Amino acid sequence: MSRRIVVLTAGLSRPSSTRLLADQIAEAVTAQVTARGEGLEVEVIELRELAHDLATTMTTGGMPTPAVTAARDLVSSADGLIAVTPVFTASFSGLFKMFIDVLDTDALNGMPVLIAATAGTARHQLVLDHALRPLFSYLRAVVVPTGVFAATEDFGGGGSAELGRRVARAASELAALVVAETGAVGGFVQDLEPARRRSSGTTLEEDVTDFEDLLSGLGQ
Amino acid sequence: MQFGVFSVGDVTTDPTTGRTPSEGERIEAMTRIALKAEEVGLDVFATGEHHNPPFVPSAPTTHLAYIAAQTERLILSTSTTLITTTDPVRIAEDYAFLQHLAKGRTDLMMGRGNTGPVYPWFGKDIRQGIPLAIENYHLLRRLWREDVVDWEGKFRTPLRGFTSTPRPLDDTPPFVWHGSIRSTEIAEQAAYYGDGFFHNNIFWNIEHTAQMVKLYRRRFEHYHHGSADQAIVGLGGQVFMAGTEAEAKRVFRPYFDNAPVYGHGPSLEEFTRATPLTVGTPEMVIERTLGFADAVGDYQRQLFLMDHAGLPVETVLEQIEILGTEVVPVLRKEFEARRPAHVPSDPPTHASLVAAGPEGKHHLVAPARQATAAASGITTGTTTDTTNVTTRS
């Protein structure tokens, strides 16, 4: 069974070092997944191209534009996510957060996520663990232990080999989750509370709770 | 089919003059709008309910009674009544009283409000929004349908031997709509009771509105109120008209660009494409509005939002004049031409509910319970008509 992952990249310039890092990670994940005998399809969402649509969504009380709806569907239906943002003023970029803000609260439930960030200086590297990791934890995503941070200096010189090793380690962690079968052997594990289903929230749920159940839940 | 206007009641600065009406002027403007609606042959005026600036309509029944005294035919409604934060006993009393004053020319629409803090202001928890809407409305139905109520619930102090006064006019509670943009539980609630479902149809694309209506229709049929296409549907809409499209856009654009909710966001053209907003000639409004029935099926009530974004009252009155004289007469004809015979044209009115008699299902607190029991052949007590069950099976 072929897997599909989505790359979110929030770089603004072209070419951007954020996209460069995103591509390196995607390539490494592809290698790791195929090494496990599975196919992998990679789709890239350049958030820059959604900037206007995100602003429109924000200024119409949350009504998503068709492009935003398509991106939300793409993300929630993926088997894994690579999220890469430049560091702006000590955190993820505003554009990156705008996209996260239009996602449904159930959009990333149980989603394997690899977090990565770029910056001009290595002084920002804790942004991964102070900003990105809690953000995705809040959305009930499964963030792999290794985050990838690349300062400008890491793209060449002595640090670049280390960056490559870090990319490979994170990619291996993500690939394992993307390939792993979900769920336990039927009948052997009893879920105390079933995991919440992932949903992009772009269409209405067809299943509704019967109104008698809603009433009786209130003792009426 | 009923046509009318609904007002949010916001006090908004006119962006072209910088002038902000006083609260008194805005209230007076809303009254004039309602009177104009009757004058030009529209059927319904509905007022919002809000408890924070910049909105004025905090006391809808006071206002609707004042309008009722100056009108003959107009149906007075709400858009919406806060079922979550208002004591259902007060809603039962206020709207029954209004029914008597207006001689039955009333119905109302339940909603949950547009601002979070309204919950704590009235001592409620916003996380309980849907349960509050469900429990409060069920109690409201009992207060209007049972002369003496013993009641205990999760949110309100219990009632023992309580009678809400006055009793509904002709012992017939007003027809109720439920308005919701995104909450499927509210569409389900409307379907369960066989009440009307209203979608404001202003801030979202028609495809989304159609999904909500479809859900309501499917569940309406599920609860044995009739076939899905007989469910009672109302839609909002938003228009601005002039002799030419260019002129309509020229006049409306500064209001659009600075409007609450979507101002300083998408362009007029983008928003017109994405939502049912129509800015153009009366013919364009007719065509677009008729298209709503293609999306949601033949429906029973169409309300237009005309007085927002700081439009001066004189402009709004002109717009309602165009609506009543050039648009609605054509819509009435065209909507009826396409409507199958078995689909009701009008939503229930006081007259039609009275005519249906005291045995009509409108008088049941939860008509779906009896209908479901009858359909499945379960005996629910001595009142179950076994002949009826036999014929059904």
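Per an unreviewed UniProt entry, chain B goes by the name N5,N10-methylene tetrahydromethanopterin reductase and belongs to Ornithinimicrobium tianjinense.

An unreviewed UniProt entry annotates chain A as Oxidoreductase of Ornithinimicrobium tianjinense.

**Student:** Explain the overall build of chain B to me, and be specific about the residues and the numbers.
**Tutor:** Helix and strand content of chain B: 14 helices and 13 strands. By the compact-globule yardstick of 21 Å for 393 residues, chain B fits well, its C-alpha radius of gyration being 21 Å. The principal-axis extents of the C-alpha atoms in chain B amount to approximately 70 × 45 × 40 Å. Put simply, 72% of the contacts in chain B that link residues at least 6 apart link residues at least 24 apart.

**Student:** Account for the UniProt feature "domain: Luciferase-like" (unreviewed entry) in chain B, naming residues and giving values.
**Tutor:** As annotated by UniProt and renumbered to match this structure, "domain: Luciferase-like" (unreviewed entry) occupies residues 1–297 of chain B. Taken end to end, residues 1–297 of chain B is 41% helix and 15% strand, and its first and last C-alpha atoms sit 13 Å apart.

**Student:** Give a detailed account of helix α1 (residues 17–35) of chain A, specifying residues and quantitative values.
**Tutor:** All names here are of chain A. Taking 1.5 Å per residue, 19 residues should reach 27 Å; α1 reaches 27 Å between its end C-alpha atoms and fits that length. For α1, the set of buried residues is Thr18, Arg19, Leu21, Ala22, Gln24, Ile25, Ala26, Ala28, Val29, Gln32 and Val33. Where α1 is buried, its residues meet β1 (3–9), β2 (40–46), β3 (80–88), β5 (112–119), β7 (148–151) and α6 (159–179). Taken from the residues just after α1, glycine 37 is the one with a positive phi, measuring 85°.

**Student:** Now, about the pairing of strand β5 (residues 108–111) of chain B: what can you tell me, with residues and values included?
**Tutor:** Residues and elements named next belong to chain B. The side-chain alternation of β5 yields two buried faces, one formed by Leu108 and Met110 and the other by Met109 and Gly111. Sheet topology places strand β4 (residues 81–82) next to β5; two bridges connect them, and they run parallel. Bridge assignment links threonine 81 to a residue of β5, and that residue is methionine 110. Between β4 and its parallel partner β5, the chain crosses via helix α3 (residues 88–101), and the hand of that crossover is right-handed. Examined bridge by bridge, β5 and strand β8 (residues 176–179) share three bridges and lie parallel to one another. Along β8, the bridge assignment pairs methionine 109 with tryptophan 177.

Conventions adopted
Residues numbered from 1 in each chain as written. Chains lettered and ligands numbered in written order. Predicted model: local features only at pLDDT ≥ 70, side-chain atom pairs only at ≥ 80, totals over all residues. Helix = DSSP H or I, 4+ residues; strand = E, 2+ residues; numbered from the N terminus. Rg over C-alpha atoms; globule rule 2.2 N^0.38 Å. Contact = placed C-beta atoms within 7 Å. UniProt positions renumbered as here; feature names shortened; annotations may be inferred. Expected span 1.5 Å × (residues − 1). Buried ≥ 20, exposed ≤ 12 C-beta atoms within 10 Å, placed from the backbone. Pairing = 2+ DSSP bridges. Right-handed = clockwise from strand over helix to strand, strands pointing away.

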